[in-house]
Amino acid sequence: MSNLGPVVWPPEPIRTARLVLRGSEARDRAAFIELLASPEVHTYLGGPRRRAELERELPEVPEQWPGSFVVELDGAMIGQLLLRRAAESHRPAARGKADLGYLFLPRAWGLGYAAEACAAALDWFDGALPGEPVILATQSANAASMRLAAKLGFTEVERFHAWDAEQWLGLRPPRPASA
């Protein structure tokens with residue numbers, strides 16, 4: 001994956017009805033470790049990383065790069081949103097497009113936070129990089145992620161087999177630039 005593009009980072013925090021999307025801070029490190037070490041979170045992502053490895057390797061301020069949003073609820077991190085440029089090694093339909101990804105702690109599942117946060121990040125993206133499509137890839141067995149993709153306006157481009165499972169690739173068409 002490569003940089004998102006010519007955006008000012010981090011942007012001003014994005015506020016929704018319940019959440020704040022912002023750049024990473026040192027206070028988020030423990031939540032990042034919990035997120036990346038969670039077997040539940042990584043059920044469809046190839047498995048969790050080892051906590052001891054994360055403790056050693058994560059910098060004081062993890063995931064501090066353009067396109068990485070911390071999702072905060074009541075002052076605490078509950079997840080991460082990622083908007084990155086898909087690498088040349090990706091599927092042909094994905095190459096060079098912005099790729100949306102998300103990880104949420106299990107305690108935040110089923111409450112609409114992912115939909116709220118993703119919609120806000122996509123609105124920000126539309127303003128920062130107007131006229132660009134966004135892709136999303138998930139395992140087709142991940143029913144919650146498939147429902148979220150549909151709710152956000154992604155439609156299927158292709159299915160393919162990778163990482164020992166069927167994968168789904170969706171596209172959200174470019175939004176017209178605001179006048």
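Placed above this text is the structure.
Note that the coordinates shown come from a computational prediction; the quantities given were computed from them, not determined experimentally.

**Observations concerning the packing of aromatic side chains**
Inspection of the entire model under this criterion finds three aromatic pairs. Between the aromatic rings of Trp9 and Trp124, the centroid separation amounts to 5.6 Å while the plane-to-plane angle is 75 degrees, which identifies the pairing as edge-to-face. Of this pair, Trp9 sits in the segment before strand S1 (14–15) while Trp124 sits in helix H3 (residues 113–128), and the two are 115 residues apart along the sequence. The buried category is assigned to Trp124, whose relative accessible area is 15%. Note on Phe69 and Trp124: the rings are 5.3 Å apart at their centroids and 80 degrees apart in plane angle, and the pair reads as edge-to-face. Taken together, the residues Phe69 in strand S3 (residues 68–73) and Trp124 in helix H3 connect sequence positions 55 residues apart. Across this residue pair, the class does not change: Phe69 and Trp124 are buried. Following the ring pairs from residue to residue traces out a cluster consisting of Trp9, Phe69 and Trp124. The side chain of Arg91 reaches across the aromatic face of Phe160, ending 4.2 Å from its centre.

**Examining the pairing of strand S5 (residues 98–104)**
For S5, the buried fraction is high: seven of the seven residues fall into the buried class. Bridge count between strand S4 (residues 76–85) and S5: seven bridges; the pairing is antiparallel. Residue Leu81 lies in a different strand from S5, and its bridge partner there is Tyr102. With two bridges joining them, S5 and strand S6 (residues 134–139) adopt parallel strand pairing. From the neighbouring strand, Asp99 faces S6, where its bridge partner is Ile135.

**Re the pattern of salt bridges**
It is possible for side chains bearing opposite charge to pair when their charged atoms get close. What the rule picks out here adds up to 15 salt bridges. A salt bridge links Glu25 to Arg27; the nearest nitrogen and oxygen atoms lie 2.5 Å apart. The class of Glu25 is partly exposed, set by a relative accessible area of 32%. Taking relative accessible area as the criterion, Arg27 reaches 48% and is therefore assigned partly exposed. In this structure, a network of salt bridges that share partners links the residues Arg22, Glu25, Arg27, Asp28 and Glu72.

How each quantity is defined
Sequence order as written defines the numbering, with residues in each chain counted from 1. Given that the model is predicted, a residue must reach a pLDDT of at least 70 before its local features are reported, and side-chain atom pairs must reach 80 or more before they are shown or counted; all residues, however, enter totals for whole chains, interfaces and linings. Excluded from the side-chain calculations are hydrogens and water; all other atoms, namely the structure's heavy atoms, are used. Think of it this way: a Phe, Tyr or Trp ring, Trp meaning its six-membered ring, pairs with another when their centres are within 6.5 Å, and the plane angle makes it stacked under 30 degrees, edge-to-face over 60, tilted otherwise. For helices the rule is a DSSP run of H or I covering at least 4 residues; for strands it is a run of E covering at least 2, with both sets numbered from the N terminus onward. A 1.4 Å probe rolled over the protein chains alone gives each residue an accessible area, and that area as a share of the maximum for its type sets the label: buried under 20%, exposed over 50%, partly exposed in between. Only when the NZ of Lys or the CZ of Arg is both within 6 Å of the ring centre and within 35 degrees of the ring normal is a charge said to sit over the ring. In short, DSSP must find at least two bridges between two strands for them to pair. For this document, the term salt bridge refers to a Lys or Arg side-chain nitrogen within 4 Å of an Asp or Glu carboxyl oxygen.

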